[in-house]
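Observations on chain architecture
This is what each chain is made of:
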Amino acid sequence: MISLKQTMEAQREELIGACLDGYRATVTAAAESAGLVCPALAAGLSQNLAPLQEALHGGAAPGALVETGLHIDRHLADWGRSAADYFRQKTAEVQQLVLDITEAVKTVAARDTRYQAQFTEVTRRLQAAGNLEDLAQVRILVGESAAALRTSVERMVEEGRETVGALEKKLAQYEERLAEAERRSETDPLTGLLNRQGLERDAERKVAAAAPFCLIVIDLNGFKAINDTYGHPAGDNLLCQFSHELKSQFRAQDSVGRWGGDEFVALLACTPAEVAARVERIRKWVFGDYAVAGAARKIAVGGAIGTAAWRPGQSAAELFAEADRAMFQQKRPAAR
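Remember, it's a predicted structure, so these values are computed and weren't measured experimentally.

**Here we look at the packing of helix α6 (residues 223–230) against helix α7 (residues 232–247)**
Interhelical geometry of α6 versus α7 gives an angle of 135 degrees and a closest axis separation of 6 Å. If you check the angle between α6 and α7, you find them oblique. The residues of α7 that touch α6, namely those facing Phe223, Ile226, Asn227 and Tyr230, are His232, Ala234, Gly235, Leu238 and Leu239. In the contact of α6 with α7, the residues fall into six nonpolar, three polar and no charged.

Take a look at the structure:
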């Protein structure tokens with residue numbers, strides 16, 4: 001009887017674990033799909049869903065599961081409203097640009113119409129001068145006509161310059177807004193580093209340029225325990241401190257970002273030997289003890305590091321996978 005009960009209990013736990021794994025996979029897929037629909041807002045949604053995904057583990061109580069589901073529903077609903085607002089804003093910006101261009105075209109057309117009438121009048125006066133026998137009078141008419149033409153052309157040039165300048169200014173403002181929106185879409189909102197989308201785009205650009213570069217992947221050890229012990233605000237604070245220290249170890253032209261959760265990535269143009277030296281600097285100067293609010297003592301931060309050097313013909317996705325495998329080779333012994 002006891003054996004049967006134990007078997008049923010084990011099967012129950014196994015079933016609950018499978019359900020939680022499926023639920024967690026669904027949440028992950030929802031975050032990834034949302035990122036494809038609206039990349040500019042993907043980082044915020046992923047940031048909100050990350051702690052909820054962590055909460056969906058095999059030991060979660062039914063009450064916690066229900067509560068987590070409610071939080072996920074709320075975050076997805078908020079993301080939907082934000083995405084709708086984002087697309088409305090972008091549509092409005094494009095419409096405004098079209099209106100600005102249309103107004104500029106109207107201004108140019110009105111100017112051309114106005115000066116066409118002036119040119120027609122000058123032409124009429126010159127034709128009349130052709131019928132005059134008084135050369136002095138002809139000279140006066142030609143002089144006046146030439147002066148009128150010169151003034152009209154100068155005004156046309158000046159008005160054209162002002163119209164083009166105003167339109168160029170509006171276009172520059174619009175391009176600046178687009179560039180800022182792209183920067184936001186590639187920035188991790190918590191750390192200020194590049195996000196996954198920004199890192200992937202930069203890797204694709206480097207692959208297209210076919211210049212040698214290397215990739216570093218860093219995965220922190222035991223970060224979930226920090227969140228569970230001290231809370232997510234303390235974990236976020238630790239990630240921000242770590243990001244600042246990590247960024248300081250790279251050059252301005254290197255790309256440093258947060259891949260997601262407690263995983264970081266760096267892209268740099270250098271040789272494998274130089275990457276090895278950079279990894280040692282990270283272990284020496286970035287890994288270590290961090291003071292976090294709410295913790296009685298400093299928290300030791302370490303992690304596994306994987307590297308890979310790009311080879312001609314290799315895709316960015318293949319390079320990331322290679323560095324990831326190298327990182328996990330380091331992480332497995334630590335897990336045991």
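Next comes the rest of the write-up.
**Observations concerning the sheet that holds strand β6 (residues 303–309)**
If you trace the four strands from one edge of the open sheet to the other, you get β2-β3-β1-β6, paired in antiparallel fashion. On the outer flanks of this sheet lie β2 (255–260) and β6, each paired with one strand and no other. Pairs of neighbouring strands in the sheet enclose a mean axial angle of 20 degrees, with direction left out of account. Examined bridge by bridge, strand β1 (residues 214–220) and β6 share seven bridges and lie antiparallel to one another. Looking across to β6, one finds that Leu220 is bridged to Gly303. Sheet strands in contact with helix α8 (residues 272–286) are β1, β3 (263–268) and β6, and its direction is about 165 degrees off that of β6.

**Focus on unusual backbone geometry**
A positive phi is found at Ala210, a non-glycine position, where the angle reads about 60 degrees. The residue Ala210 is located in the loop between α5 (196–209) and β1 in this model.

**So, α5**
Helix length check: α5 (14 residues) gives 20 Å between terminal C-alpha atoms against 20 Å at 1.5 Å per residue, within 8%. Looking at α5, one finds that the buried residues are Gln197, Gly198, Leu199, Asp202, Ala203, Lys206 and Val207. Sitting at the amino-terminal end of α5 is Asn195, which places a side-chain oxygen 3.2 Å from the backbone nitrogen of Gln197. Two residues or fewer after α5 comes Ala210, characterised by a positive phi angle close to 60 degrees.

**Some details on the pattern of salt bridges**
One pass over the full model with this rule turns up nine salt bridges. With its nearest N and O atoms 3.8 Å apart, the salt bridge here joins Arg205 to Asp202. In this pair, Arg205 and Asp202 are both assigned in helix α5, three residues apart and thus about one turn of the helix distant. A salt bridge links Lys206 to Asp202; its shortest N-O distance comes to 2.8 Å. With a gap of four residues between them, Lys206 and Asp202 both fall in helix α5, about one helical turn apart.

**Points about the packing of α7 against α8**
The N-to-C vectors of α7 and α8 enclose an angle of 135 degrees; their axes lie 10 Å apart at closest approach. Overall, the two elements α7 and α8 adopt an arrangement that is oblique. Between α7 and α8 the crossing geometry is right-handed. Residue-level inspection shows Phe242, Glu245 and Leu246 of α7 in contact with α8, the latter providing Ile282, Trp285 and Val286. Across the contact of α7 with α8, the residue classes break down as five nonpolar, no polar and one charged.

What counts and how
Residues numbered from 1 in each chain as written. Predicted model: local features only at pLDDT ≥ 70, side-chain atom pairs only at ≥ 80, totals over all residues. Heavy atoms only, no water. Axes fitted to C-alpha atoms, helices over the stretch in contact; angles between N-to-C directions. Helix = DSSP H or I, 4+ residues; strand = E, 2+ residues; numbered from the N terminus. Parallel < 35°, antiparallel > 145°, perpendicular 65-115°, else oblique. Contact = heavy atoms within 4.5 Å. Nonpolar A, V, L, I, M, F, W, Y, C, P; charged D, E, K, R; others polar. Pairing = 2+ DSSP bridges. Expected span 1.5 Å × (residues − 1). Buried < 20%, exposed > 50% of the residue type's maximum accessible area, 1.4 Å probe, protein only. Polar contact = N/O pair within 3.5 Å; in protein donor to acceptor, adjacent residues only side chain to side chain. Salt bridge = Lys/Arg side-chain N within 4 Å of Asp/Glu carboxyl O. Left-handed = near helix turned anticlockwise from the far one by under 90°.

Keep in mind that these numbers describe shape and distance, not what the molecule does.
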